[in-house]
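Fold and geometry: a report
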Amino acid sequence: HYEAAPHLHPALEKIKSLGMKAGVAIKPLTPGANLVEVLDLADLVLVMTVEPGYGGQEFISGMETKVSRMRQLIEERGSKCLLEVDGGIDPNTAPLVVAAGADVLVAGTSIFEAQGGIAAGIHGLRESIGQVQPAS
C-alpha cells in the first residue's frame, strides 16, 4: 500500500531487482497521481474502491471515475502495468470499472456468498462484463 510505504520507490526497485513482479495499492481517498513517478516500476496498480479491512463493503459511489483517471495516467506514462480494482465488485459495479479501464477485478463476497454458490457467482460476474467495451 502506498500509504504504508514511506519509501515506495526504493521498495519497488528492490522487488524488481530480485526478479519479482511489483504491485502497489492505493486507498479510495489517495489520488492516483501520487503514483505517477513509480508507474514505470509497477507491474500492477490496485485501486481500492472501499476502505481496506473487511469484506462485504459497498462500492464507494464514483470510484469508477478514479479508475478511469488511473487508466489515463498509466497510458500517458506508457506503463504496461495492469490496473486492478478491489472493493464492492459485483455484477452491478464490475461493468462500471471495466468500462473505466480495469484489467483485473477482485471479488469476494459477490462470489463466495452468491445465491446458487460460487460457480453461479463467477458466472454472474462474467456475464455482467461480457459485453462491456474497456476504455481505450
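As a reminder, the structure under discussion sits directly above these lines.
Residues numbered from 1 in each chain as written. Predicted model: local features only at pLDDT ≥ 70, side-chain atom pairs only at ≥ 80, totals over all residues. Heavy atoms only, no water.

1. Here we look at the overall build of the protein chain
For clarity, the threshold we go by: Numbered from the N terminus, helices here are DSSP runs of H or I no shorter than four residues, and strands are runs of E no shorter than two. Throughout, the radius of gyration refers to the C-alpha atoms, and the reference size of a globule is 2.2 Å times the residue count to the power 0.38. Burial status follows relative accessibility: with a 1.4 Å probe on protein chains alone, a residue under 20% of its type maximum counts as buried, one over 50% as exposed, and anything between as partly exposed. Residue contacts are defined here by distance: any two heavy atoms, one from each residue, within 4.5 Å place the two residues in contact. Only the protein chains shown count as covering a residue, and every accessible area follows the Shrake-Rupley method with a 1.4 Å probe. When charges are counted, Lys and Arg are positive and Asp and Glu negative, with His and the chain ends excluded. Lys charges are placed at NZ, Arg charges at CZ, Asp charges at CG and Glu charges at CD.
The helix and strand tally for the protein chain stands at five helices and four strands. In sequence order, the secondary structure elements of the protein chain are arranged as α-β-β-α-β-α-β-α-α. In terms of overall dimensions, the protein chain is globule-like: its C-alpha atoms have a radius of gyration of 15 Å, near the 14 Å expected for 136 residues. With respect to the three principal axes, the spread of C-alpha positions in the protein chain is 45 × 30 × 30 Å. Looking at the protein chain as a whole, 38% of its 136 residues are labelled buried. Within the protein chain, counting contacts between residues at least 6 apart in sequence, those at least 24 apart form 55% of the total. Here the protein chain has roughly 7800 Å² of accessible surface; of this, 54% comes from carbon and sulfur atoms. Distance from the positive charge centre (10 side chains) to the negative charge centre (16 side chains) of the protein chain: 7 Å.

2. Focus: the pattern of salt bridges
Convention followed: Here, a salt bridge means any Lys or Arg side-chain nitrogen found within 4 Å of an Asp or Glu carboxyl oxygen.
Taken as a whole, this structure holds three salt bridges when the rule is applied. The salt bridge involving Lys 27 is made with Glu 51; its shortest N-O contact spans 3.5 Å. Pair noted here: Lys 27 is in the loop between strand E1 (23-26) and strand E2 (44-48) and Glu 51 is in the loop between E2 and helix H2 (63-77), with a separation of 24 residues, a long-range link. Using a relative accessible area of 29% as the deciding quantity, one classes Lys 27 as partly exposed. Of the charged contacts, one joins Asp 103 and Arg 71 as a salt bridge, the two residues approaching to 2.6 Å between their closest N and O atoms. Placement of Asp 103 in the loop between helix H3 (94-100) and strand E4 (104-106) and of Arg 71 in helix H2 is noted, with a sequence separation of 32 residues between them. A relative accessible area of 42% places Asp 103 in the partly exposed class.

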